[in-house]
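Chain by chain, the residues:
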Amino acid sequence: MTRVVVIGAGIAGLAAAWELSRRMPAAQVLVLEGAAEIGGKLRTRTVAGIPVDVGAEALLARRPEGVGLIEEAGLAAQRIDPLTTTAQLRVAGMRVPLPARTLLGIPADLSAARSSGALTDAALARVAAEPSAQPMPTLADDVAVGALVRERLGNEVTDRLVEPLLGGVYAGHADQLSLRATMPALAIRLARDGGSLVRAAQAVTDAGAHDPAAGAVFTSLVGGLGTLPPALARTAGFTVRTSVTVRSLRRYGHGFVLECGPAPAPELVEADAVVVATPAGKASQLLRAVAPYAAADLRGVESASVAIVTVAYRNVAPPPGSGLLIAAREGFTVKAVTLSSQKWPIATGGLTVLRASVGRAGEAAVLQREDAELIALVRHELRALVGIEGEPVDAVVTRWGGGLPQYAVGHMQLVARVRAAVAEVDGLAVCGATYDGVGIPACIASGRLAAEHVAGHLAAGLAGRSGTGGE
C-alpha cells in the first residue's frame, strides 16, 4: 500500500492529509504530531467553564478555503458570525475608532481617517497631499512596509496606524516586514504602476470591498475554531498519531524513512512521499539531508513568540466594540485586546470574557515571566486600556513559542527558492504559515497545494510502473 506521511498536525498539515485522502483513497495517509494534541494554533480551552479559542479566533470568510473545509468537516451548521467588528486604537494616550477603509493601516479614505481622530492635522495634511506629490517609480524590488509608508506618509501614519495593525496580524514590526509578503496586492500594483501610495491603497481596497449581501467578513464556530481539527480527524480517511517527534528524514530507495521517537530507541517509519507541515525552524532540521538548500533558507526565517492571556470577569463594563489595538510606542506590553464576549455570540452566563495578546518580534523577555506574573501585568494594563478593574473569575495563559513566522524583506523570493529546491526531490512537499500567509485559509491552501504536488507525483509513478509492466 502507498503510504504518505504528513509531519505536523496544524491546520496546514491536516488540510494536506484531508486532500491526500480525498485524492488517493487507496493510500495510507499518516499524520505525525509531536505535541499531545492536534490543531497547532487552533486550540480551545475552558475559562470559567466557557470554551474559548486561545489561538486563532477568527477565520476570513471572503476566501473559500476555510469555510469550504468547515463544510467538508460537517460543521457548517456550527458557524457563527461576529456581533460587531468595530475596533478601536490606543494612540497618543487615547482610545479612538479604528479608521474605516485602511489597507493594514494605510489610509484609503481621508475623511474616515480624519473622523477617527487617530491622526493629527499635520499627518492628515500629508495624507491628503500624497497623491499629488512626486510620483513613486515602479517598485522593482521588495521593500519594508514601514520604510515605504514613512517615506510617503510620514512617521505618524506608520506608528499609529500601520504598526498596530501589522503587529496584530504578524506580531512583527512595520520597519522589518515585507511589503510583498504582507500586502501582495498593493505590491503588485506598485510594481506595475508606481505613482501614489494612497491611490494604490484605494484601488486595492475598492477591488476587495466587501458586499454586505455576501455575509460577514469573518466567521468562527460554536465552541471555537479549535473544534475544527478534531472534527477533521474524526471524519477523515487518514490516521493521526500524537506525541510522536520526528527527528530526521532521509531518502530510502525511491521513498523516505523517518526516524521518530526517543533517540535511544527510535522508531523508523517508511513512506513513499512526505509533506513537511511544520514551522520553519523544525522544517529546516528535517530537510537537511534531503533538501539542504531549502533547509539553509528556512534556517534564516525568524519567528515571534506570543502569549494569549484569556480572562473572565463578573460585573464589569468594557467599552463597546470588538476590541483594541495598541500602538507599540504607547508603552504597553499588551499589543491587542479582543472583547470576546462582545465580539462573538457565545454563552458566558453574564461574564465578560476577553483575551489580551502579549509579545512582538524581538520582545520575548516578557514571556519568560511565570503565568501569575503575566496575568497580573495584563490585569494592570487592562485598567488603563479598557477601564476594567477587579478580581477576575478565571484566567488562563497560553504560550505560543515561535508561533508566528516573520516575513522579512525578500521573503517571497526565499519561499520560491525553498519550493524550487523541494520540488527537485520526488515525493516531497512543504506547507504551512511560513509560505503563503499566516491566516487559516492561506494555511489550508498551502496544505492542499502540497497534497496536490505529492498526489501528482505518486500518480505519475504508479502510471509509469503500470505502463512498464504492460509492455
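Residues numbered from 1 in each chain as written. Predicted model: local features only at pLDDT ≥ 70, side-chain atom pairs only at ≥ 80, totals over all residues. Heavy atoms only, no water.

Chemist: What should I look at first to understand the overall build of the protein in this one?
Modeler: Looking only at helices and strands, one finds 17 helices and 22 strands in the protein. For the protein, the C-alpha radius of gyration of 23 Å lies close to 23 Å, the compact-globule estimate for 471 residues. Relative to its 471 residues, the protein shows a buried fraction of 53%. Put simply, of all contacts in the protein between residues at least 6 apart along the chain, 72% involve residues at least 24 apart. Just so you have it, the protein exposes about 19700 Å², and 52% of that area is on carbon and sulfur atoms. (Helix = DSSP H or I, 4+ residues; strand = E, 2+ residues; numbered from the N terminus. Rg over C-alpha atoms; globule rule 2.2 N^0.38 Å. Buried < 20%, exposed > 50% of the residue type's maximum accessible area, 1.4 Å probe, protein only. Contact = heavy atoms within 4.5 Å. Areas by Shrake-Rupley, 256 points an atom, 1.4 Å probe, with all protein chains shown as cover.)

Chemist: Can you walk me through the pairing of strand β7 (residues 87-91) in this structure?
Modeler: Among the five residues in β7, five count as buried, and that is most of the element. The alternating pattern of β7 places Ala-87, Leu-89 and Val-91 on one face and Gln-88 and Arg-90 on the opposite face, and all of these are buried. Pairing between β7 and strand β18 (residues 323-326): four bridges, direction parallel. Residue pairing across strands places Ala-87 opposite Gly-323, the latter belonging to β18. Counted along the chain from β7 to the antiparallel partner strand β8 (residues 94-97), the turn is two residues long, and its residue Ala-92 has a positive phi close to 50 degrees. (Pairing = 2+ DSSP bridges.)

Chemist: It is not clear to me how the nonpolar core should be interpreted in this structure. Could you clarify?
Modeler: Soluble globular proteins: nonpolar side chains tend toward being buried together. Counting 44 residues, the largest nonpolar core has Ile-11, Leu-20, Leu-228, Leu-232, Phe-238, Val-275 and Val-454 as the members making the most contacts within it. Those residues within four positions of Leu-228 in sequence are excluded, and the remaining contacts are Ile-11, Leu-69, Ile-70, Ala-73, Leu-75 and Leu-221. Ranked by size, the runner-up nonpolar core spans 41 residues in total, among them Ala-118, Leu-153, Ala-174 and Met-183. (Core = buried A, V, L, I, M, F, W, Y, C linked by side-chain atoms within 4.5 Å.)

Chemist: Sorry, what's going on with the pattern of salt bridges here?
Modeler: Working definition: two side chains of opposite charge can pair if their charged atoms are close together. For the structure on display, the rule yields 22 salt bridges. Note that Arg-329 is salt-bridged to Asp-159, the shortest N-O span being 2.9 Å. Here Asp-159 lies in helix α6 (residues 155-170) and Arg-329 lies in the loop between β18 and β19 (334-338), a separation of 170 residues in the sequence. For Asp-193, the salt bridge goes to Arg-192, with nearest N and O atoms at 2.9 Å. Look at Asp-193 and you get partly exposed, because its relative accessible area is 43%. (Salt bridge = Lys/Arg side-chain N within 4 Å of Asp/Glu carboxyl O.)

Chemist: Explanation requested: the environment of Ala-271 in the structure shown.
Modeler: You can see Ala-271 is positioned in strand β15 (residues 267-271). Residues Ala-271 and Gln-134, spaced 137 residues apart in sequence, show a C-alpha to C-alpha distance of 58 Å. Excluding residues that lie within four positions of it along the chain, Ala-271 makes contacts with Arg-3, Val-5, Gly-255, Phe-256 and Leu-258.

Chemist: What exactly am I supposed to notice about the environment of Arg-150 here?
Modeler: Along the chain, Arg-150 falls in helix α5 (residues 145-153). Taking the C-alpha atoms as reference points, Arg-150 and Ala-174, 24 residues apart in sequence, are found 9.9 Å from one another. Beyond its immediate chain neighbours, meaning those up to four positions away, Arg-150 contacts Arg-126, Asn-155, Thr-158, Asp-159, Asp-175 and Arg-329. Side chain to side chain, Arg-150 and Asp-159 meet in a polar contact 2.9 Å long. (Polar contact = N/O pair within 3.5 Å; in protein donor to acceptor, adjacent residues only side chain to side chain.)

Chemist: How should α6 be read in this particular structure?
Modeler: Along an α-helix, residues three or four apart share an orientation, since each turn contains 3.6 residues. Most pronounced at Val-162, the bend in α6 amounts to some 40 degrees, and the proline Pro-164 follows within four residues. Here α6 lies mainly inside the structure; twelve of its 16 residues are buried. Looking at α6, one finds that the buried residues are Val-157, Thr-158, Asp-159, Arg-160, Leu-161, Val-162, Glu-163, Pro-164, Leu-165, Leu-166, Gly-167 and Tyr-170. Among the residues trailing α6, Ala-171 stands out with phi positive, at a value near 55 degrees. (Bend = angle between axes of the 7 residues up to and from the residue.)

Chemist: Looking at this structure, I do not really get the sheet that holds strand β21 (residues 394-405). What am I missing?
Modeler: Pairing between the strands of a sheet comes from backbone hydrogen bonds, and it takes one of two forms, parallel or antiparallel. What the seven strands build is an open sheet, ordered β8-β7-β18-β19-β20-β17-β21; its pairing is mixed. Single-partner strands in this sheet number two, and they are β8 and β21. For this sheet, the mean angle separating the axes of adjacent strands, direction not counted, is 25 degrees. Judged from the four bridges that link them, β19 and strand β20 (residues 352-358) form a sheet pairing that is antiparallel. When the bridges of β20 are listed, Ala-336 appears paired with Ser-357. (Axes fitted to C-alpha atoms, helices over the stretch in contact; angles between N-to-C directions.)

Chemist: How should the pairing of β20 be read in this particular structure?
Modeler: Regular strands place their side chains on alternate faces of the sheet. Among the seven residues of β20, seven are classified as buried, and the element is accordingly described as predominantly covered. Of the two faces of β20, the one carrying Thr-352, Leu-354, Ala-356 and Val-358 and the one carrying Val-353, Arg-355 and Ser-357 are both buried. Summarising the sheet, strand β17 (residues 303-313) and β20 pair through seven bridges and their orientation is antiparallel. Each bridged residue has a counterpart across the sheet, and for Val-311 the counterpart in β20 is Leu-354.

Chemist: Help me understand the packing of aromatic side chains in this model?
Modeler: A complete count under the given rule lists one aromatic pair for this structure. Here the aromatic rings of Tyr-170 and Tyr-407 are separated by 5.6 Å at their centres, their planes lie at 55 degrees, and the arrangement is tilted. Within this pair, whereas Tyr-170 is found in helix α6, its partner Tyr-407 is found in the loop between β21 and α15 (411-423), the two being separated by 237 residues in sequence. Taking the relative accessible area as the measure of exposure, Tyr-170 reaches 7% and is therefore buried. For Arg-251, the ring lying beneath its charged end belongs to Phe-256, and the centroid distance is 4.4 Å. (Phe/Tyr/Trp six-rings, centres within 6.5 Å; stacked < 30°, edge-to-face > 60°. Lys NZ or Arg CZ within 6 Å of the ring centre and 35° of its normal.)

Chemist: Looking at this structure, how should I read the packing of helix α8 (residues 184-193) against helix α9 (residues 197-207)?
Modeler: Two quantities define a packed helix pair, namely the angle between the helix axes and the distance between the axes. Across the interface, α8 lies against α9 with an axial gap of 10 Å and an inter-helix angle of 125 degrees. Considered as vectors, α8 and α9 are oriented oblique to each other. Handedness of the α8/α9 crossing: right-handed. In contact with Ala-185, Leu-186, Arg-189 and Leu-190 of α8, α9 contributes Leu-197, Ala-200, Ala-201, Ala-203 and Val-204. (Parallel < 35°, antiparallel > 145°, perpendicular 65-115°, else oblique. Left-handed = near helix turned anticlockwise from the far one by under 90°.)

Chemist: How do you make sense of the sheet that holds strand β11 (residues 218-221) when you look at a structure like this?
Modeler: Read from one edge to the other, the open sheet built from three strands follows the order β5-β11-β6, with strand pairing classed as antiparallel. A single partner strand is all that each edge strand has here, and the edge strands are β5 (59-60) and β6 (79-80). In this sheet, β11 lies alongside β6 in antiparallel orientation, the contact comprising two bridges. Among the inter-strand pairings, Arg-79 is bridged to a residue of β11, identified as Leu-221.

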